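Observations on the three-dimensional arrangement
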Amino acid sequence: MPIQIAAAEGPAEALVARPSTGTGPFPGVILYMDAFGLRPRIQDMAQRVADWGYIVLAPNVFYREGKAAELAPATDMTTPEGREAAGKAAFPRVGRLTPDKAVADIDAWVKALRAVDGVAPGPIGVFGYCMGARLAVRTATARPDVVAACGGFHGGGLATDAPDSPHRGLGNARARFVFGHADHDQSMAPEAVARLGEALQAAGLEASNEIYPGASHGYSMADTSAFNAEATERHFRELQALLDAALKG
């Protein structure tokens, strides 16, 4: 179900997925999309999580660039060539979504989720993919009062030398964290994974911070050539365990 959200710089679309069964209320979670935007694959993933007993909000974080349909990939991404072609349009948008813009929208996403009919009061979860993993971490560190679970999968740039690197805010967080990193990922090399782990430990946070062997960046996206079924199922298992423990335990 699509909805409109009053975001920091204008109206933004979002998808809402509800459990197929049950009467609720249900815990709420935010799904942060990857660079390729809101599309059927994201909707499918949101519904799978919803059917665990959650209401899922997936916002178009690129609303400043256009509507979801306008930004959707125009090529078949199941081939490396098609994925590369789609990336030429998508990846520059990631750079233009600067940390200050991303943080400015966080309260709007949280408020919109809480306003969805059937969302239970209390803590929420956040999770994201690729650049969406950064957004999930920023949400957990900006809103520790409400975020109890945070997942990041094949994320990039989570622990860099930049002064606004997401890992630097972990001292503010109170959530449980699960990270499933891609193997041989230039955007999240082993030393960055180690740096993230050190920051999580220093903050005293309950966390899993693992590299998925043989899974490349984008492994969960079944509509791209990066898809890895085994890693995808592992990420779903670990995500469900995280959400259930933090939001239903």
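Structural data are supplied above this passage.
Quick summary incoming for the structure in this document. A quick note: this is a predicted structure, and the numbers were derived from the prediction, not measured.

On inspection of all chains with the given rule, the structure shows 7 aromatic pairs. Seen in terms of ring centroids, F127 and Y129 are 5.9 Å apart; in terms of plane orientation they differ by 85 degrees. Their pairing is edge-to-face. For the pair F127 and Y129, a shared accessibility class is recorded, and that class is buried. With a centroid separation of 5.9 Å and 15 degrees between ring planes, the pair formed by F177 and F179 is classed as stacked. Here F177 falls in the buried class, since its relative accessible area comes to 2%. Within the aromatic cluster, the residues linked to one another by ring pairs are F127, Y129 and F153. Note that R48 overlies the ring of F236, its terminal NZ or CZ placed 4.0 Å from the centroid. Against the face of Y54 rests K248, its NZ or CZ located 4.4 Å from the ring centre.

The next point concerns the side chain of D34. Relative to the helices and strands, D34 is located in the loop between β3 (28-32) and α1 (40-50). With a relative accessible area of 2%, D34 lands in the buried category. Among the polar contacts made by the side chain of D34, one reaches the side chain of R39 at a distance of 2.7 Å. Sequence-distant contacts of D34, defined by excluding residues within four places in its chain, comprise R39, I42, F62, Y129, C130, M131 and M221.

The rules behind the values
Residues numbered from 1 in each chain as written. Predicted model: local features only at pLDDT ≥ 70, side-chain atom pairs only at ≥ 80, totals over all residues. Heavy atoms only, no water. Phe/Tyr/Trp six-rings, centres within 6.5 Å; stacked < 30°, edge-to-face > 60°. Buried < 20%, exposed > 50% of the residue type's maximum accessible area, 1.4 Å probe, protein only. Lys NZ or Arg CZ within 6 Å of the ring centre and 35° of its normal. Helix = DSSP H or I, 4+ residues; strand = E, 2+ residues; numbered from the N terminus. Polar contact = N/O pair within 3.5 Å; in protein donor to acceptor, adjacent residues only side chain to side chain. Contact = heavy atoms within 4.5 Å.

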